[in-house]
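Descriptive analysis of the structure
The residues making up each chain are set out below.
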Amino acid sequence: MQTDGTVRASYLDWTSLILVIVGAINWGLVGIGSFFDANWNVVNLIFGSIPTLEALIYVVVGLAGLYELYFAYQLYGARSESRMRERKTA
């Protein structure tokens, strides 16, 4: 991520965000499916026949979530720096 008063997201930032969103939607479907006694876990439905690949997908989505925590911290830092610059110029 680069900042110069604005935030520029890299391909890694966007990729991790997409993975986190897909993971959140999947968990939402799992929760809704549990009310209907149905398996709406999309990852399991697609990759369930290959347990190692299914587990790898969960790990990658989990790592993307951790990266998003880091990215959020970077955004907070960029916002704080921007406010500090505004106060100095005012």
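Higher on the page you've got the structure.
Before going into details, it helps to say that this report is about the structure given with it. (Residues numbered from 1 in each chain as written. Predicted model: local features only at pLDDT ≥ 70, side-chain atom pairs only at ≥ 80, totals over all residues. Heavy atoms only, no water.)

Secondary structure assignment for the protein yields 3 helices and 2 strands. Listed N to C, the secondary structure of the protein is β-β-α-α-α in terms of helices and strands. In the protein, the proportion of contacts linking residues at least 24 apart, taken out of those at least 6 apart, comes to 51%. Just so you have it, the protein exposes about 6900 Å², and 69% of that area is on carbon and sulfur atoms. (Helix = DSSP H or I, 4+ residues; strand = E, 2+ residues; numbered from the N terminus. Contact = heavy atoms within 4.5 Å. Areas by Shrake-Rupley, 256 points an atom, 1.4 Å probe, with all protein chains shown as cover.)

On the surface, W14, L17, I21 and I25 cluster together into a nonpolar patch covering about 390 Å² of accessible area. Tracing the sequence through the fold places I25 in helix α1 (residues 11–35). (Patch = residues over 30% accessible without salt bridge, like charges linked within 9 Å, V, L, I, M, F, W, Y side chains within 5 Å. Salt bridge = Lys/Arg side-chain N within 4 Å of Asp/Glu carboxyl O.)

In this section: unusual backbone geometry. For D37, which is not a glycine, the phi torsion comes out positive at approximately 50°. With relative accessibility at 76%, the residue D37 sits in the exposed group. (Buried < 20%, exposed > 50% of the residue type's maximum accessible area, 1.4 Å probe, protein only.)

Turning our attention to the side chain of N41. For N41, the position within the fold is in the loop between α1 and α2 (42–47). In terms of polar contacts, N41 uses its side chain to reach the side chain of N26, at 3.1 Å. One polar contact links N41 to Y58, side chain to side chain, over a distance of 2.8 Å. Once you skip the residues sitting within four places of it in the chain, N41 turns out to touch N26, V30 and Y58. (Polar contact = N/O pair within 3.5 Å; in protein donor to acceptor, adjacent residues only side chain to side chain.)

Purely geometric numbers; function is a separate question.
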